[in-house]
Each structure stands twice: as structure tokens, then as C-alpha cells.
Amino acid sequence: MGEPYQDREASDPKLRATDLTRTFGRTPHTVDALGPLDLTVAPGEFVCVVGPSGCGKSTLLRIAAGLLRPSMGTLEIRTSSPRPAAMIFQDYGIYDWKTVRANVRFGLDIQRVPRREANARADDWLARMGLSDFAHAYPATLSGGMRQRVAIARALAVQPELLLMDEPFAALDAQLRTILQDELLDLTQSLRTTTLFITHSLEEAIVLGDRVLVMSARPGRIIAEHRPPFPRPRTGDIRTAPEFTALKSELWDLLRKEAAPV
Ligand SMILES: Nc1ncnc2c1ncn2[C@@H]1O[C@H](COP(=O)(O)OP(=O)(O)OP(=O)(O)O)[C@@H](O)[C@H]1O
């Protein structure tokens, strides 16, 4: 392996993890899940994290979302408004008993945005995601791709300063996954929302990321950083570029070493 990974200091990062460590369980049955790990995400940056199964990716994201505490070290999020970080999970995390529109409005209701304005913002997001005809439907009647579009609309409707995504497209078939990757690429390039995105898919990471960070096997640390060499705004067409294939195989080599049984 080459030089150990050192996160280049972003001067005023939106997110900064320092010596972040998480252990689960009690001695003698502890599991070292994560770290020590250093990471910064600059404002407007889209950072993808890939790593072998069980290396602590979700743990990292759950700490960033405030759902878990670090065992040691810190993770700071710098926000300039009371708007929360928004999170999107693999299993959509939408409420089956609420209509599609009420799901998209959910974060706005929590922020006590007046109903009329909240409905207008929800409807705007439903239109952007091609879901206007389903505003009054319940999620059970939607396909997986549509459900994930609802989750994306709900997260972005609150205009979060930080978007945390944990394998958001993992449950979708390959074709739909590609379509949603391209939609997210379009959206994030126009919104420039700071995003930390966890994925198993190298292709997804290269298409979407300003940086792709590779994690080691558990306890996960960052062992490599790559910047996909595709200027923005980019489109899904980069998937056929030789540089894309080359970077994918380079990342795959790194991951294969980490995933290999010892
Ligand atoms: N609440 C918990 N209690 C005990 N161990 C846990 C807990 N949550 C996670 N772990 C362990 O911590 C390690 C990291 O888990 P985590 O879910 O963060 O990995 P991951 O990289 O997201 O995995 P995958 O890619 O398979 O989703 C795993 O060994 C897991 O079993």
C-alpha cells in the first residue's frame, strides 16, 4: 500500500471528523467498528465513501447524523442555519401511513413551515421528481424507484446544509439505479448541497463524487482518496470513458485487497 491517507484540510469544512472511533459492546466482547478516522467535507462538495462490507460505513454516517455517539474522537458539523442535516437510507425511510405529499412535507412540518408554503414546496419537489400525479397516493402503491424519489424529495425539500446518504439505491435494480444516479447527479450539480454518500457501487461513487474515499476492512479507516477526472457539470456519459474504467479497476483492486480473507 502507498502513503497513508491524509485528508487535505479544507479551510472551512462543513463536516470534520478527527480521530473518530466507534466500538460496540462491552469487554471482552467488543467490536471495533470504525477508525480512528479523519475526514473533512468542504461546503458544496460531494464525497463518496466506498469500503468492504462491515467496515463501518453506516456507523460513520449514523454518527454524522447524530444517531450514534463516537467512542473517541469528534465529528463536527458546521451549519450556519438551524436547518438540519437530512438523511436518506437504503430502505427509503418513508412513512407508509402518510400520503406521498405528506411524506415530502414531513421535514417542513417539523420545522413549522406554514401549511400553505409547505404544500407549495412539497408540490414543487414532487413535480421535479415526476411524482405530481402521485401526491395523494400512499407509498405502498409506488414502485421502489418512486419510493426512493419520494425520500430524495423529502430530504431536499428542507434545503439541508448537509445531505447524508446511506446506500440509497442499493435496493433498486441496475437499470433504475443508473437512472436515479443520473437524476441525483443533475440535482446535486444544480443545488451544490454538501453531501456524504455511502455506497458499495464503485460506478456510483465515480459518477457522483468530487472525491471517492476508500475505507479499509473493519475497523474502517480511510486508506485512499481519488478525484474522478471529470469536470462538472458532468453527465452519466462518463461511464463509457476509458478514464472511468481505469479508475473503477484501480478502486476495485484496492477493495479486493481489503475484502480478501486473512
Ligand atoms: N449496534 C451495533 N452493535 C454491535 N455491533 C454493531 C452495531 N452496529 C454495527 N455493528 C458492527 O460494526 C461493524 C460495522 O458495521 P456497519 O454497519 O457500520 O458496516 P458497513 O460498512 O455499513 O457494512 P455494510 O457495507 O455491510 O452495510 C460490523 O461488524 C457490525 O456488525
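Structural data are supplied above this passage.
Throughout what follows, the structure given in this document is the object of discussion. (Residues numbered from 1 in each chain as written. Predicted model: local features only at pLDDT ≥ 70, side-chain atom pairs only at ≥ 80, totals over all residues.)

Tallying secondary structure elements over the protein gives seven helices and nine strands in all. Computed over the C-alpha atoms, the radius of gyration of the protein is 19 Å, within 12% of the 18 Å expected from 2.2 N^0.38 for a compact globule of 262 residues. In terms of its C-alpha atoms, the protein occupies a principal-axis envelope of roughly 55 × 45 × 35 Å. Buried residues in the protein amount to 40% of all 262 residues. When contacts within the protein are restricted to residue pairs at least 6 apart in sequence, those whose partners lie at least 24 apart make up 73%. (Helix = DSSP H or I, 4+ residues; strand = E, 2+ residues; numbered from the N terminus. Rg over C-alpha atoms; globule rule 2.2 N^0.38 Å. Buried ≥ 20, exposed ≤ 12 C-beta atoms within 10 Å, placed from the backbone. Contact = placed C-beta atoms within 7 Å.)

Our focus in this paragraph is the pairing of strand E8 (residues 211–215). Most of E8 sits out of view: four of its five residues are buried. Relative to strand E9 (residues 222–226), E8 is paired through four bridges, and the arrangement is antiparallel. Counterpart to Leu213 in the pairing with E9 is Glu225. Here E8 folds back onto E9, and the loop between the two strands holds six residues. (Pairing = 2+ DSSP bridges.)

In the vicinity of the ligand there are 13 residues, among which Phe24, Ala33, Lys57, Ser58 and Thr59 approach most closely. Where the shell around the ligand is concerned, the elements lending two or more residues are strand E2 (31–41) and helix H1 (57–64). (Near = placed C-beta within 6 Å.)

The geometry of helix H3 (residues 115–128) relative to helix H4 (residues 144–157) is characterised by a closest axis approach of 10 Å and an angle of 135° between their N-to-C directions. By the angle between their directions, the pair H3 and H4 is classed as oblique. Between H3 and H4 the crossing geometry is right-handed. The residues of H4 that touch H3, namely those facing Arg121, Ala122, Trp125 and Leu126, are Ala153, Leu156 and Ala157. Among the residues forming the contact of H3 with H4, the class breakdown is six nonpolar, no polar and one charged. (Axes fitted to C-alpha atoms, helices over the stretch in contact; angles between N-to-C directions. Parallel < 35°, antiparallel > 145°, perpendicular 65-115°, else oblique. Left-handed = near helix turned anticlockwise from the far one by under 90°. Nonpolar A, V, L, I, M, F, W, Y, C, P; charged D, E, K, R; others polar.)

Function cannot be inferred from these measures alone, as they are strictly geometric.
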